[in-house]
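Listed below are the residues making up each chain.
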Amino acid sequence: MYVYRTKGTCSQGIEIEMDGSTIKSVHFIGGCTGNTQGVARLAAGMNIDEAIARLKGIQCRGGTSCPDQLAIALMRIKDGTATIAG
């Protein structure tokens, strides 16, 4: 499982479980519960590249959003700079 500390959002972090290049599960720590649960459920089962393309650049406030932060976390997983929990 990967853990990403969000920046500029109400959520404080994102936990992501991958199965190869497929997102297995996403859990936001904090944030707007309904919105983050919705984004997490929509991302589950999605290919990492598709999720990045759909979520990157979505803005809420401060020039980012929870979906944008998820895209950034996924890009870090792809480039090998993501933090692994544990």
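None of the values given here were measured: they were computed from a predicted structure.

Novice: Got a sec to walk through helix α2 (residues 48–55)? Specific residues and values, please.
Specialist: For α2, the set of buried residues is I48, A51, I52 and L55. The buried side chains of α2 occupy one side of the element, clustering within an arc of 100° when seen end-on. Set apart from the buried face of α2 by more than 90 degrees, the exposed residues are A53 and R54. The elements touched by buried residues of α2 are β2 (11–19), β3 (22–30) and α3 (66–79). Here α2 starts with a cap whose side-chain oxygen sits 2.7 Å from the backbone nitrogen of D49, and that cap is N47. Two residues or fewer after α2 comes G57, characterised by a positive phi angle close to 90°.

Calculation rules
- Residues numbered from 1 in each chain as written.
- Predicted model: local features only at pLDDT ≥ 70, side-chain atom pairs only at ≥ 80, totals over all residues.
- Heavy atoms only, no water.
- Buried < 20%, exposed > 50% of the residue type's maximum accessible area, 1.4 Å probe, protein only.
- Helix = DSSP H or I, 4+ residues; strand = E, 2+ residues; numbered from the N terminus.
- Arc of directions from axis to C-beta.
- Contact = heavy atoms within 4.5 Å.
- Polar contact = N/O pair within 3.5 Å; in protein donor to acceptor, adjacent residues only side chain to side chain.

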